[in-house]
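The residues making up each chain are set out below.
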2 protein chains.
Amino acid sequence: MSRLSKLEQVKNCSGEFVLAVNDTMNVLNGKWKLPIIGSLLYGKKRFKELEREIPKITPRMLSKELKDLEVNGIVTRTVYASIPVTVEYELTKSGNSLKTVLEVMVEWGLQHRKRFIGKRRRLEKTLWR
Amino acid sequence: MSRLSKLEQVKNCSGEFVLAVNDTMNVLNGKWKLPIIGSLLYGKKRFKELEREIPKITPRMLSKELKDLEVNGIVTRTVYASIPVTVEYELTKSGNSLKTVLEVMVEWGLQHRKRFIGKRRRLEKTLWR
DNA sequence: TATAGCGCTATACTCTTGTATAGCGGTTAC
DNA sequence: GTAACCGCTATACAAGAGTATAGCGCTATA
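Residues numbered from 1 in each chain as written. Chains lettered and ligands numbered in written order. Predicted model: local features only at pLDDT ≥ 70, side-chain atom pairs only at ≥ 80, totals over all residues. Heavy atoms only, no water.

Draft legend 1. Examining the overall build of chain A more closely. For chain A, the helix and strand inventory stands at six helices and three strands. Seen in sequence order, chain A has helices and strands lined up from the N terminus as α-α-α-β-α-α-β-β-α. Within the span of chain A, comprising 129 residues, buried residues form 44% of the whole. Long-range pairs, those at least 24 residues apart, make up 43% of the contacts in chain A with a sequence separation of at least 6. (Helix = DSSP H or I, 4+ residues; strand = E, 2+ residues; numbered from the N terminus. Buried < 20%, exposed > 50% of the residue type's maximum accessible area, 1.4 Å probe, protein only. Contact = heavy atoms within 4.5 Å.)

The following block contains the structure:
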């Protein structure tokens, strides 16, 4: 491991701690990752099921985001040779363990809102409208 | 609070839990937020100090990101009427408490890498090169 | 035969993020 | 006076993320 402290690594944009934070950020990044992961935390789902469950997502984005998540080891894609083919998406162990991370983020977000209300009425630019 | 469960809120892109996660995501979002916050976790800093500490950031981006952070209650900007003016940026209570969140993200990231190595050699698209 | 569902892909566009480069008005040091 | 530091802003551009819309090959149902 590097001699730099954790915080020094952060400000220097280098080191395994920063890599780790950024892996996490990257996995959750983009408008649709959270809804997809949230939906899959309930259990495996098929493409059309996800499309129906997640309001306003286009098949193009769903396909792209699922590919991202698969490539980064967050979901598995299983094709069954039924006729017509069936495809199922399921969270990996890593994917499921994101729940803990999300819970901490919820906690921080709620606390921050509590502190922040009274100073400003709303947070700028919330992703979900 | 909504009748929807936490997870239902996530997949539906609605509800206070999702708002909370997204506040958190939004605060950390962008290429330079993490280095800036990381740097400020050491204590207050002036504009040029940050510019020097964070490799390759342009004043334009530093200015913009600091403004974002200020508007969202993560840093305070204090102007001292010295000659010439001195400007100091400092983390708010919310800003400092992000440390906990970052630690959980580090933890998940490291675990994920451990699990993932052996399946693929590297994670796609790490933000910091 | 026609319609609908499945699991997508293709094309083309816009909108947001980030980069590159230059410069401003002020002050201090040589 | 001229060079350098401070705390930025302006302009122009490039790249990436997200949207809109259409359609593919397949099958099951009416």
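Draft legend 2. View of the sheet that holds strand E1 (residues 45-46) of chain A. Residue and element names in this part refer to chain A. Reading across from one edge, E1-E3-E2 is the order of the three strands in this open sheet, with antiparallel pairing throughout. Both edges of this open sheet fall to E1 and strand E2 (75-80), since each of them pairs with a single strand only. Two elements, E2 and strand E3 (residues 86-91), share six bridges in a ladder whose sense is antiparallel. Its bridge partner being in E3, Tyr-80 is matched across the sheet by Thr-86. Lying over the sheet, helix H3 (residues 33-40) contacts E1, E2 and E3, oriented at roughly 95° with respect to E3. (Pairing = 2+ DSSP bridges. Axes fitted to C-alpha atoms, helices over the stretch in contact; angles between N-to-C directions.)

Draft legend 3. Structural detail: the packing of H3(A) against helix H5 (residues 59-71) of chain A. All names here are of chain A. The N-to-C vectors of H3 and H5 enclose an angle of 70°; their axes lie 10 Å apart at closest approach. If you check the angle between H3 and H5, you find them roughly perpendicular. Between H3 and H5, the residues in contact are Lys-33, Ile-36 and Ile-37 and Leu-62, Glu-65, Leu-66, Asp-68 and Leu-69, respectively. Of the residues assigned to the contact of H3 with H5, the class counts are five nonpolar, no polar and three charged. (Parallel < 35°, antiparallel > 145°, perpendicular 65-115°, else oblique. Nonpolar A, V, L, I, M, F, W, Y, C, P; charged D, E, K, R; others polar.)

Draft legend 4. Expanded view of unusual backbone geometry. Residue and element names in this part refer to chain A. Cis geometry marks the peptide bond from Ile-83 to Pro-84, where omega comes out at 0°. Inspection of the secondary structure puts Pro-84 in the loop between E2 and E3. In this model, Lys-56 sits at a positive phi of 75°, which is unusual for a non-glycine residue.

Draft legend 5. View of the sheet that holds strand E2 (residues 75-80) of chain B. All names here are of chain B. Spatially, three strands are ordered E1-E3-E2 in an open sheet, and the strand pairing comes out antiparallel. Looking at the sheet topology across the chains shown, the edges are occupied by strand E1 (45-46) and E2. Sheet topology note: the E1/strand E3 (residues 86-91) ladder contains two bridges and is antiparallel. Its bridge partner lying in E3, Arg-46 is registered against Glu-88. On the sheet, helix H3 (residues 33-40) packs against E1, E2 and E3 and is oriented at approximately 95° with respect to E3.

Draft legend 6. View of the nonpolar core. Core analysis: the largest hydrophobic core is formed by 58 residues, its most contacted members being Leu28(A), Ile36(A), Ile74(A), Leu28(B), Ile36(B) and Ile74(B). In this structure Leu28(B) touches Met25(A), Lys33(B), Leu34(B), Ile37(B), Leu98(B), Leu102(B) and Met105(B), once residues within four positions along its chain are discounted. (Core = buried A, V, L, I, M, F, W, Y, C linked by side-chain atoms within 4.5 Å.)

Draft legend 7. A look at the confidence of the model for chain A. All names here are of chain A. Overall, the predicted model of chain A reaches an average pLDDT of 84, with 78% of residues at or above 70. E3 holds the highest mean pLDDT among the elements of chain A, 98, whereas helix H1 (residues 6-11) holds the lowest, 54. With pLDDT under 50 throughout, residues 125-129 is counted as low confidence; its partners more than four residues away or in other chains account for 14 contacts. (pLDDT = per-residue confidence, 0-100.)

Draft legend 8. Geometry of H3(A). Counting buried residues along H3(A), eight of its eight residues qualify, which places the element largely inside the surrounding structure. Among the residues making up H3(A), those that are buried are Lys33(A), Leu34(A), Pro35(A), Ile36(A), Ile37(A), Gly38(A), Ser39(A) and Leu40(A).

Draft legend 9. Highlighting the pattern of salt bridges. All names here are of chain A. According to the stated counting rule, one finds 18 salt bridges over all chains in the structure shown. The residue Lys-64 makes a salt bridge to Asp-68 at a minimum N-O spacing of 3.8 Å. One end of the pair is Lys-64 and the other is Asp-68, both in helix H5 and four residues apart, which spans about a single turn. Residue class for Asp-68 comes out partly exposed when judged on its relative accessible area of 26%. Here the salt bridges do not stand alone but share partners, grouping Lys-33, Lys-64, Glu-65 and Asp-68 into one network. (Salt bridge = Lys/Arg side-chain N within 4 Å of Asp/Glu carboxyl O.)

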